[in-house]
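Structural characterization, general
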Amino acid sequence: MVIFMKIYGYIRVSDTSQNENRQLDAMVSVGVPRKHIFVDKQSGKDFDRPAYQRLIKRLKSGDLLFIDSVDRIGRNYEEIQNQWRLLTKVRGVDITVLDMPLLDTRQHKDLIGTFVADLVLQVLSFMGQRELEHIRKRQADGIAAARIRGVHLGRPAIELPVNFDMLAKAWAQRELSTSEFLQQTGLTETTLYRRLREEQVIRN
């Protein structure tokens, strides 16, 4: 029985604001069919990603998977090692990392070549996790510094209409219905009740 190899590509960008076109062009240039390219737009801290999970269910022994760089797989050192072994050793899938020719499991299958490839993978995985840790630390430092300066973080505070107090009083005395209150203030029901609690407005 003849088993035909299928070629796949995996792309990851950290969030929806980033563009995957560069990686997509690289996949197409090496012959990956567009229907076999899987794209995730989220952090590489773990492998709980919808496109990646769909991909590994499709991969069969003898298939070839292209990725742009090791950190596109992920940024967790141990999990990258585990996923690499699962795909290459257990599932029998070949992997080619486009920006690192040494990480091409179709080649270097002798003992020395395998040792070098494994060593390169460990170094790159370590660097990926270290970069993730540095990003998190910079974010935490930035948040802490902003709080010290009194900078408001998160969604901007919703500005209340100038007649809010008058409307709240009318609502409390049941002279104004909740739907009318919402319509005149433009607030959502959740925000309205939160602001009423903050202002300690109680309905009779």
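Residues numbered from 1 in each chain as written. Predicted model: local features only at pLDDT ≥ 70, side-chain atom pairs only at ≥ 80, totals over all residues. Heavy atoms only, no water.

Next up on the list: a positive patch on the surface. Where like charges cluster on the molecular surface, the positive patch consists of K6, K35, R58 and K60. Within the secondary structure, K35 sits in the loop between α1 (21–29) and β2 (37–41). (Patch = residues over 30% accessible without salt bridge, like charges linked within 9 Å, V, L, I, M, F, W, Y side chains within 5 Å. Areas by Shrake-Rupley, 256 points an atom, 1.4 Å probe, with all protein chains shown as cover. Salt bridge = Lys/Arg side-chain N within 4 Å of Asp/Glu carboxyl O. Lys, Arg positive; Asp, Glu negative; His and termini not counted. Charge placed at Lys NZ, Arg CZ, Asp CG, Glu CD. Helix = DSSP H or I, 4+ residues; strand = E, 2+ residues; numbered from the N terminus.)

Over the atoms rolls a probe the size of a water molecule, and its path tells where empty space is left. Per the stated rule, a full pass over the model turns up 1 cavity of 30 Å³ or more. Here the largest cavity defines a volume of roughly 60 Å³. Lining the largest cavity, in full, are Y10, Y52, L65, I67, I73, I80, Q83, W84, L87 and I95. Residue assignment for the lining of the largest cavity shows that the elements contributing at least two residues are β3 (64–67) and α4 (77–90). When residues of the lining of the largest cavity are assigned to their parent elements, the largest contribution, 4 residues, is made by α4. (1 Å grid on protein atoms, 1.4 Å probe; cavity = no way out; pocket = protein on both sides within 12 Å on 5 of 7 lines; lining within 4 Å. Points joined across faces, edges and corners; volume = space filled by probe spheres on them.)

It is worth spelling out the nonpolar core at this point. In this structure, Y10, L55, L59, L65, I67 and L87 are the most contacted members of the largest nonpolar core, which totals 20 residues. When residues of this core are traced back to their parent elements, those giving at least two are β1 (7–13), α2 (50–58), β3, α3 (70–73), α4 and β4 (94–97). Looking at this core element by element, the count peaks at 4 residues for α2. Contacts of L65, omitting those with residues within four sequence positions, involve Y8, G9, Y10, L55, L59, L87, V93, D94, I95 and T96. (Core = buried A, V, L, I, M, F, W, Y, C linked by side-chain atoms within 4.5 Å. Buried < 20%, exposed > 50% of the residue type's maximum accessible area, 1.4 Å probe, protein only. Contact = heavy atoms within 4.5 Å.)

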